[in-house]
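Commentary on secondary and tertiary structure
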2 protein chains.
Amino acid sequence: MTAEIVSVGTELLLGQITDTHAPLMARILAECGIGCTRRATIGDNMDRLVGTLKGAIERADVVVTIGGLGPTLDDLTRDGIAMALGDEMEEVPEVAEKLRQFFASRNIRMAESTLRQAQKPTSATLVDNPNGTAPGLICQKNGKVVIALPGPKGEFDPMAQGPVRQFLEQLQGGQVIHSRVLRIIGMGESHVEERVRDLMDGENPTVAPYAQTAECHLRVTARAENREAADLLIDPVVDEIRSRLGNHLYGFNETTIEAATLDLLVAKGETVAVAESMTGGALGARITSVPGSSKAFKGGVIAYTVSAKESVLGVPSEIIAAHGPVSEEVAKAMAEAVRDRLGATYGVSITGNAGPTADVDGKPVGLTYIGVAGPNGTTVEQAQYRGLREDIQRRATQTALAQLRWKLL
Amino acid sequence: MTAEIVSVGTELLLGQITDTHAPLMARILAECGIGCTRRATIGDNMDRLVGTLKGAIERADVVVTIGGLGPTLDDLTRDGIAMALGDEMEEVPEVAEKLRQFFASRNIRMAESTLRQAQKPTSATLVDNPNGTAPGLICQKNGKVVIALPGPKGEFDPMAQGPVRQFLEQLQGGQVIHSRVLRIIGMGESHVEERVRDLMDGENPTVAPYAQTAECHLRVTARAENREAADLLIDPVVDEIRSRLGNHLYGFNETTIEAATLDLLVAKGETVAVAESMTGGALGARITSVPGSSKAFKGGVIAYTVSAKESVLGVPSEIIAAHGPVSEEVAKAMAEAVRDRLGATYGVSITGNAGPTADVDGKPVGLTYIGVAGPNGTTVEQAQYRGLREDIQRRATQTALAQLRWKLL
């Protein structure tokens, strides 16, 4: 069973707002075992709406429209669906009555166009909308299903997650699609793919790689009767991948590298402090984005200037003078100093040049040193990142977390 | 002239990631005076890709694809475009050589599939990608244009905003739609709307409000022969809005509150240092995300624990003992201490409870104190934020920047 999603609205089409409903609807369809094969976004234009709907209805079993159910003249979805399905429009008297009562009870004059929301294509049943005036629609005709949902988030979310999900589960009558994401660090997408290429030929589960900033994800997806049965298909493939990638696999699904590293620290009863120059606090911010980070995070120093490195952190001025602030020696001294000052098991430092221009010492954009000081001494890694300032900063914090995790393993 | 956008990627289609590139591309097309009539999202499936591309090429003058240019087997866009246009594929020797050099210079073995990125459809010219390995494509054939851009944000954004925008402007050569975004802080969307309601009835330029996290944007959009003529229409409306909103208007277009505040500091030859508890470095990270921030940012202390507040920052322990770490008194002491330690004109502090649970002292989730210490004394603002941990942290840094700006004005 396949589905297509059609988002309707000129403000969506022109990019004035970002569509988060269609991704949610696609996930709901997948969880109900219905493969979404195509999504489209069109403006408030009747010809294109009807054309797009006809194509979608022809190709897919289920078509879900989002938006365009409001009361104004540019809300075309109800009429568009009727035209695409060859339906007439009819008024639902109970809905018209409800709308009149709704406005009367609030002492607001009802615009005449509001009553358009009481109309429906003849093949439609209504989906109750407790949070708004426009009901949703489920049309069933000639073996095809067209579902129409309103655009406002407070109306869309409960209808999509509630009655529409229920309807789709029953319609599908069985299979679900369930995924697990494996998060991999310290190994590029092509190399991950080389090691698991044979597993990518599988049909159930499937294995697919996704490159992320300085990490890589593998999504293992199974189709089965229910989530538990899908997990039984996924488990052995995950075990096989784990045996091939070892410690490069750091977590599953929504687990970030900061959360995985904090978990390791907490499990060992150890703590970390950070000394950041180039990243200006971004490493600390990533660590403290994890709920409960206070169990292992002591804090740190944003040693953005030379004087901050010397006065607050206590890096000897002769080291900075001899090697420049962007150097292996300063990274080492920063990591050791912050570990010492804050009494943490580990001190992590980042110093580098995030750009956009070479720094005063002529150190090139992207050159970065990352230090980790711990009970068994200090290591410093040199890296040369490319990209925009924010990419360089992101890669640096990512590498710092990966380095700390590596020490903890 | 019309355009369609085709986003390619199973992870997009299934809603595992939200597409922010297509909205940006739609805005760029609009600004170049090219009407986007349809957007589509499809997975990594060659038949559907080619079918969708053929339909788009038939209907529209310009088709822009996003994603699927990477090195792996599921990156199909290059080949899909060639098939849709009836082109052959050919290798570009200079790109292949660049790729080999790139990997050699980093001492990384190049996966064989990487060389797919050196291939192009015969009708394509390449768009240089300074931030990644996959070049973009501009194919021109039979009066139609197909543009292919890579998916990673750090590669997509500069290419779309740079050479592709330039190409589209030349291609269109007629009317442009040009916008200016006015960024407003310290005033909610409905109050902004009340003050500019009459201006929202205009047709050229139009004025539309958009709510953002702890700020509000007004988009003023004009249609004219060229960008300069559009600016002449926009200018008087912006002047009128400015006179009504005063200092609440802090910047235009991409100017963030951190950039606006840094500009003020640099203009006055003043500096700032930060002392962060609850936000763990996020305020420093926002400030240092601005290129050139070292001109006014001294650094700071991530005083996440009580001991860090006392030992590194020097907040007297009796103040913390008397009032608890989340208190007006501690915010004041933190701001003053960091100003002093780092020798900055201003010290900004944030202490609060970002959740998810009430803290050890029973301070409720979201309670936050923001201090600003300066030459004329110290002020502390108390706030009670709602939302998730990340929302609370974001609102706190937003307010801290707004408070500092207010002091500077």
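In this text the structure is predicted, and so the values were computed from the model without any measurement. (Residues numbered from 1 in each chain as written. Chains lettered and ligands numbered in written order. Predicted model: local features only at pLDDT ≥ 70, side-chain atom pairs only at ≥ 80, totals over all residues.)

Examining the overall build of chain A
Assigned secondary structure in chain A consists of 14 helices and 17 strands. Computed over C-alpha atoms, the radius of gyration of chain A comes to 28 Å, more than 25% over the 22 Å expected from 2.2 N^0.38 for 409 residues, which places it beyond the range of a compact globule. Structurally, chain A occupies a C-alpha span of about 85 × 50 × 35 Å along its principal axes. For chain A, the residues scored as buried account for 51% of the 409 residues in total. In chain A, once contacts between residues fewer than 6 apart in sequence are set aside, the share between residues at least 24 apart is 65%. (Helix = DSSP H or I, 4+ residues; strand = E, 2+ residues; numbered from the N terminus. Rg over C-alpha atoms; globule rule 2.2 N^0.38 Å. Buried ≥ 20, exposed ≤ 12 C-beta atoms within 10 Å, placed from the backbone. Contact = placed C-beta atoms within 7 Å.)

Quick notes on the pairing of strand β13 (residues 272-276) of chain B
Residue and element names in this part refer to chain B. Counting buried positions along β13 gives 5 out of 5 residues, so the element sits mostly inside the fold. Here β13 shows a buried face lined by Val272, Val274 and Glu276 and a second buried face lined by Ala273 and Ala275. Judged from the 5 bridges that link them, β13 and strand β14 (residues 297-302) form a sheet pairing that is parallel. Of the residues in β14, the one forming a bridge with valine 272 is phenylalanine 297. This β-α-β element, β13 to helix α10 (residues 282-288) to β14, shows right-handed connectivity. As paired elements, β13 and strand β15 (residues 346-352) share 5 bridges and run parallel to each other. Directly across from glutamate 276, in β15, lies its bridge partner isoleucine 350. (Pairing = 2+ DSSP bridges. Right-handed = clockwise from strand over helix to strand, strands pointing away.)

Some words on the sheet that holds strand β10 (residues 206-212) of chain B
All names here are of chain B. Read from one edge to the other, the open sheet built from 4 strands follows the order β10-β11-β9-β12, with strand pairing classed as antiparallel. If you trace the sheet from one side to the other, it starts and ends with β10 and β12 (249-252), each paired once. Pairs of neighbouring strands in the sheet enclose a mean axial angle of 25°, with direction left out of account. Sheet topology places β10 next to strand β11 (residues 215-224); 7 bridges connect them, and they run antiparallel. (Axes fitted to C-alpha atoms, helices over the stretch in contact; angles between N-to-C directions.)

Notes on the nonpolar core
Ranked by size, the top nonpolar core spans 240 residues in total, and within it Met334 of chain A together with Met334 of chain B carry the most contacts. Setting aside its immediate chain neighbours within four residues, methionine 334 of chain B contacts Ala275, Ala303, Lys309, Leu313, Val315, Ser349, Thr351 and Gly371 of chain B. (Core = buried A, V, L, I, M, F, W, Y, C linked by C-beta atoms within 7 Å.)

Concerning unusual backbone geometry
A negative phi holds for most residues other than glycine; trans holds for most peptide bonds. Here the amide bond leading from glycine 355 of chain A into proline 356 of chain A is cis, since omega sits at 10°, within 30 degrees of zero. Among the secondary structure elements, proline 356 of chain A is positioned in the loop between β15 (346-352) and β16 (367-374). Residues other than glycine seldom take positive phi values, yet asparagine 142 of chain B does so here, at roughly 50°. Secondary-structure assignment places asparagine 142 of chain B in the loop between β7 (136-141) and β8 (144-149).

Thoughts on the packing of helix α9 (residues 257-268) of chain B against helix α14 (residues 389-408) of chain B
All names here are of chain B. Following both chains from N to C, one finds α9 and α14 inclined at 30°, their axes separated by 9 Å at the closest point. It follows from the interaxial angle that α9 and α14 lie roughly parallel. Considering the relative orientation of α9 and α14, their crossing is left-handed. Packed against α9, whose contacting residues are Ile257, Glu258, Ala260, Thr261, Leu264, Leu265 and Lys268, the element α14 presents Gln398, Leu401, Ala402, Leu404, Arg405 and Leu408 at the interface. Residues that form the contact of α9 with α14 fall into these classes: 8 nonpolar, 2 polar and 3 charged. (Parallel < 35°, antiparallel > 145°, perpendicular 65-115°, else oblique. Left-handed = near helix turned anticlockwise from the far one by under 90°. Nonpolar A, V, L, I, M, F, W, Y, C, P; charged D, E, K, R; others polar.)

A word on the domain arrangement of chain A
Taken domain by domain, chain A consists of domain 1 (2-172), domain 2 (176-252) and domain 3 (257-408). A separation of 35 Å is found between the C-alpha centroids of domain 1 of chain A and domain 2 of chain A. (Domains from an automatic or database assignment.)

Quick look at the sheet that holds β15 of chain B
Strand order in the open sheet formed by 10 strands is β17(A)-β16(A)-β15(A)-β13(A)-β14(A)-β14(B)-β13(B)-β15(B)-β16(B)-β17(B), with mixed pairing between adjacent strands. Edge positions in the sheet fall to β17 (377-384) of chain A together with β17 (377-384) of chain B, since each has one partner strand and no second. Strand after strand, the sheet turns through a mean of 15° between neighbouring axes, direction not considered. With 8 bridges joining them, β16 of chain A and β17 of chain A adopt antiparallel strand pairing. Following the sheet pairing, valine 372 of chain A is matched in β17 of chain A by threonine 379 of chain A. Sitting on the sheet, helix α13 (residues 328-342) of chain B touches β13, β14, β15, β16 (367-374) and β17 of chain B, and the angle it makes with β15 of chain B is about 145°.

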